[in-house]
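Take a look at the letters that make up each chain.
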Amino acid sequence: MQFLKTDKIYNMVTIYAHKTHPGAVIPQVAYGNTSACFDITCIETTTIEPKSSAVVPNGLNLAIEQEEKYWMQIQLRSSKGFKFDLIPHYGTVDAGYTGNLGIKIYNVGDSPVVIEKGERYAQIAVIPKPNYSIVELDDSRWELFKVSQERGDKGFGSSGK
């Protein structure tokens, strides 16, 4: 059986990695071109107490050149979020940022959660950044715009069950 092929060409983006700690692990992609993210490894066992948060150290600076039209988003590895009551602080890492990659994790559960040294606990997604502009509208133009949109101001649950 042959699967459908695509001829789409995606741009290669270079991620620059700098170790700020000797135990830091340079990220690797787990499954080649099929992995949407790359994993981040803990360098110091960290306990996240219930109803609390902690910055889990990884000893890395990661950057994309400022001219690139991409940014990085910090996420938990799906196994961490699924098996434990953890939520990451969804950080946005803009192209050109060269500072520390602090990853804050919230424990919303009732039990402490330990992230072990050497454990892959978070992941980074590289996301294209579209060009955009923001246009200010006065009240009358805003009303005209609103009625031209199918969804309009219908909020949560407006599409039914």
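Above this text sits the structure in question.
Quick notes on the rules
- Residues numbered from 1 in each chain as written.
- Predicted model: local features only at pLDDT ≥ 70, side-chain atom pairs only at ≥ 80, totals over all residues.
- Heavy atoms only, no water.
- Helix = DSSP H or I, 4+ residues; strand = E, 2+ residues; numbered from the N terminus.
- Buried < 20%, exposed > 50% of the residue type's maximum accessible area, 1.4 Å probe, protein only.
- Contact = heavy atoms within 4.5 Å.
- Areas by Shrake-Rupley, 256 points an atom, 1.4 Å probe, with all protein chains shown as cover.
- Core = buried A, V, L, I, M, F, W, Y, C linked by side-chain atoms within 4.5 Å.
- 1 Å grid on protein atoms, 1.4 Å probe; cavity = no way out; pocket = protein on both sides within 12 Å on 5 of 7 lines; lining within 4 Å.
- Points joined across faces, edges and corners; volume = space filled by probe spheres on them.
- Nonpolar A, V, L, I, M, F, W, Y, C, P; charged D, E, K, R; others polar.

Engineer: Quick question: what am I supposed to make of the overall build of the protein here?
Structural biologist: Tallying secondary structure elements over the protein gives 2 helices and 11 strands in all. Listing every helix and strand of the protein by position from the N terminus yields β-β-β-β-β-β-α-β-β-β-β-β-α. Within the protein, buried positions represent 28% of all 161 residues. A fraction of 70% describes how many contacts in the protein between residues 6 or more apart in sequence connect residues 24 or more apart. Carbon and sulfur atoms form 53% of the exposed surface of the protein, whose accessible area is close to 11900 Å².

Engineer: I'm lost on the nonpolar core in this one. Help?
Structural biologist: Generally speaking, nonpolar side chains in soluble globular proteins are found buried as a group. Ile40 and Tyr121 are the most contacted members of the largest nonpolar core, which totals 26 residues. Secondary-structure elements contributing two or more residues to this core are strand 2 (37-41), strand 4 (52-56), strand 5 (60-63), strand 6 (70-76), strand 9 (103-107), strand 10 (113-115) and strand 11 (120-128). Here Ile40 is in contact with Pro27, Asn58, Leu60, Leu62, Leu101, Ile103, Glu119, Arg120, Tyr121, Ala122, Gln123 and Ile124, once residues within four sequence places are set aside.

Engineer: Got a minute to help me understand the layout of surface pockets in this structure?
Structural biologist: Where empty space is left in the structure can be found by rolling a water-sized probe over the atoms. Put simply, the largest pocket is a space of about 870 Å³. If you trace the largest pocket, you find 23 residues lining it, with Asn11, Met12, Val13, Ser35 and Val126 closest to the centre. Mapped onto the lining of the largest pocket, the elements with two or more residues apiece are strand 2 and strand 11. Ranked by residues supplied to the lining of the largest pocket, first place goes to strand 11 with 4 residues. A per-class count over the lining of the largest pocket returns 18 nonpolar, 5 polar and no charged. By volume, the second largest pocket is sized at about 180 Å³. Residue lining of the second largest pocket: 14 residues in total, with Ala30, Tyr31, Asp39, Arg77 and Gln123 positioned closest to the centre. Secondary structure elements with two or more residues in the lining of the second largest pocket: strand 2, helix 1 (78-83) and strand 11.

Engineer: What exactly am I supposed to notice about unusual backbone geometry here?
Structural biologist: A negative phi holds for most residues other than glycine; trans holds for most peptide bonds. A positive phi angle, near 55°, is found at Lys51, a position not held by glycine. Its location among the elements puts Lys51 in the loop between strand 3 (46-48) and strand 4. Owing to a relative accessible area of 58%, Lys51 belongs among the exposed residues under this scheme.

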